[in-house]
Amino acid sequence: MEDERILYRLQACPFCERVVRVLDEHGVDYESRFVEPLHSERDAVRRVSGSRTVPVLVDPETGATLTESENIVEYVEKYYGEGEDPNTDGGGD
Amino acid sequence: MELGFEVTQLPPHDAPEEGEEAPGFTRPLVNDEYWEDAALSDTVPALVVFYPMNGSFPATYIWQEVEERGWDDDGTVVGVTASTPYSHRRFLDERDTDARLFADPSNGVAREWGVAHELDGMTGVEEPRPAVFYVDEGMTVRYAWVADEHPEFPPYDEIDGVVG
């Protein structure tokens with residue numbers, strides 16, 4: 001299960017939705033983990049990224065853990081963008 | 001419980017019986033930190049506890065009993081009710097449990113399992129009636145109990161024998 005790409009996100013967070021849009025545009029599969037609105041209760045996020053902010057993308061394909069939507073968008077476009085074979089497995093349901 | 005009058009009967013249910021295949025479903029599964037879509041087939045074997053929505057006294061009583069009996073100690077108890085993921089997070093916060101809860105605000109899972117209950121006096125609100133199933137790793141129902149009265153609580157001692 002943990003070989004899935006995981007996006008830690010918060011409902012209606014515009015930064016998260018921006019990342020979702022870019023992932024979808026590039027056909028990149030991911031599993032969503034929704035976290036608490038309350039910042040102080042996001043220890044699951046802190047354990048993976050060192051901070052409690054979302055979005056966070058954990059990508060086992062590259063071993064990358066990314067924070068900040070700007071960084072994530074840049075990463076997705078670079079790694080899964082044009083000219084690259086995204087080669088995503090169709091995991092998930 | 002002797003009340004000296006007749007307890008309200010629930011209409012017949014259409015729940016899966018022992019030996020039958022459990023209806024599969026995917027819903028957000030809430031733990032004490034986050035929630036994500038999960039299939040029942042990925043969480044079995046498990047004791048599947050359908051219960052009235054968070055905040056009702058049967059919900060509190062049922063989960064107190066689950067905790068006291070330690071059914072949830074190894075994380076193989078999952079609850080299902082018509083509450084939101086946010087409500088489930090608060091419910092878990094208030095309790096000392098390793099159980100995880102499926103959020104099913106539409107009550108579609110309870111309907112699929114034949115244990116839906118329309119609440120009298122709360123128009124448009126339905127929830128599961130209390131029902132407990134043990135589902136094995138092959139998605140076969142090995143134990144089934146469904147409430148026939150309103151209210152009725154699971155036969156905890158009998159279920160001790162199933163999870164023990």
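Residues numbered from 1 in each chain as written. Chains lettered and ligands numbered in written order. Predicted model: local features only at pLDDT ≥ 70, side-chain atom pairs only at ≥ 80, totals over all residues.

Peer 1: I'd love a proper account of the overall build of chain B, names of residues and values included.
Peer 2: What chain B contains, in helices and strands, is four helices and eleven strands. For chain B, the C-alpha radius of gyration of 15 Å lies close to 15 Å, the compact-globule estimate for 164 residues. Each principal axis of the C-alpha atoms in chain B carries an extent, and together these give about 45 × 35 × 30 Å. Burial status across chain B gives 40% buried among its 164 residues. (Helix = DSSP H or I, 4+ residues; strand = E, 2+ residues; numbered from the N terminus. Rg over C-alpha atoms; globule rule 2.2 N^0.38 Å. Buried ≥ 20, exposed ≤ 12 C-beta atoms within 10 Å, placed from the backbone.)

Peer 1: Quick rundown of helix H2 (residues 85-93) of chain B? Include the residues and the values.
Peer 2: Residues Pro85, His88, Arg89, Phe91 and Leu92 of chain B constitute the buried set of H2 of chain B. Along the long axis of H2 of chain B, the arc covered by the buried residues comes to 165°, so they all point the same way. Residues of H2 of chain B that are buried sit in contact with strand S2 (31-35) of chain A together with strand S2 (26-30), strand S3 (34-39) and strand S6 (100-103) of chain B. (Arc of directions from axis to C-beta. Contact = placed C-beta atoms within 7 Å.)

Peer 1: So what's going on with the interface of chain A and chain B? Which residues, and what values?
Peer 2: Facing nine residues of chain A, the contacting portion of chain B comprises eight residues. Counting residues per element, the ones that place at least two in the side of chain A that touches chain B are S2 and helix H2 (43-49) of chain A. Looking at the side of chain A that touches chain B, the element that brings in the most residues is S2 of chain A, giving five residues. Two elements, S2 of chain A and S3 of chain B, share two bridges in a ladder whose sense is antiparallel. Its bridge partner lying in S3 of chain B, Phe34 of chain A is registered against Trp35 of chain B. (Pairing = 2+ DSSP bridges.)

Peer 1: Outline the environment of Glu68 of chain A, listing residues and values.
Peer 2: Along the polypeptide, Glu68 of chain A turns up in the loop between strand S4 (64-67) and helix H3 (69-80). Separated by 15 residues in the primary sequence, Glu68 of chain A and Thr53 of chain A have C-alpha atoms spaced 7.8 Å apart.

Peer 1: Provide a residue-level description of the pairing of strand S4 (residues 46-50) of chain B, including the pertinent values.
Peer 2: Residue and element names in this part refer to chain B. Counting buried positions over the five residues of S4 gives five, a clear majority of the element. Along S4, one buried face is formed by Ala46, Val48 and Phe50 and the opposite face, lined by Leu47 and Val49, is buried too. Note that S4 and strand S9 (residues 131-135) share five bridges and pair antiparallel. Each bridged residue has a counterpart across the sheet, and for Leu47 the counterpart in S9 is Tyr134. Here S4 runs beside strand S5 (residues 77-81); their pairing, made up of four bridges, is parallel. Across the sheet, residue Phe50 finds its bridge partner in S5, namely Val80.

Peer 1: Which residues make up the confidence of the model for chain A, and what values do they have?
Peer 2: Per-residue pLDDT for chain A has a mean of 89; in total, 86% of the residues score no lower than 70. Considering only residues more than four positions removed or in separate chains, one finds that residues 88-93 of chain A, a stretch of pLDDT under 50, has eleven contacts. (pLDDT = per-residue confidence, 0-100.)

Peer 1: So what about the sheet that holds S4 of chain A? Which residues, and what values?
Peer 2: The strand order S4(A)-S3(A)-S1(A)-S2(A)-S3(B)-S2(B)-S6(B)-S5(B)-S4(B)-S9(B)-S10(B) describes an open sheet built from eleven strands, whose pairing is mixed. Only two strands of the sheet have a single neighbouring strand rather than two, namely S4 of chain A together with strand S10 (141-146) of chain B. Looking at each pair of strands side by side, their axes are set apart by 25° on average, direction ignored. Where S5 of chain B meets S6 of chain B, four bridges bridge the pair, whose relative direction is parallel. Bridge assignment links Thr81 of chain B to a residue of S6 of chain B, and that residue is Ala103 of chain B. Each of strand S3 (56-59) and S4 of chain A touches H3 of chain A; the most contacted strand, S4 of chain A, lies at about 135° to it. (Axes fitted to C-alpha atoms, helices over the stretch in contact; angles between N-to-C directions.)

Peer 1: Describe the environment of Pro58 of chain B, naming the residues involved and giving the relevant values.
Peer 2: Residue and element names in this part refer to chain B. In this fold, Pro58 is placed in helix H1 (residues 57-68). Of the residues examined, Pro58 has 18 C-beta atoms within 10 Å and is grouped as partly exposed. Sequence spacing of Pro58 and Pro16 is 42 residues, and the spatial spacing of their C-alpha atoms is 22 Å. Once residues lying within four places of it in the same chain are set aside, the contact partners of Pro58 are Tyr51, Pro52, Pro130 and Pro151.

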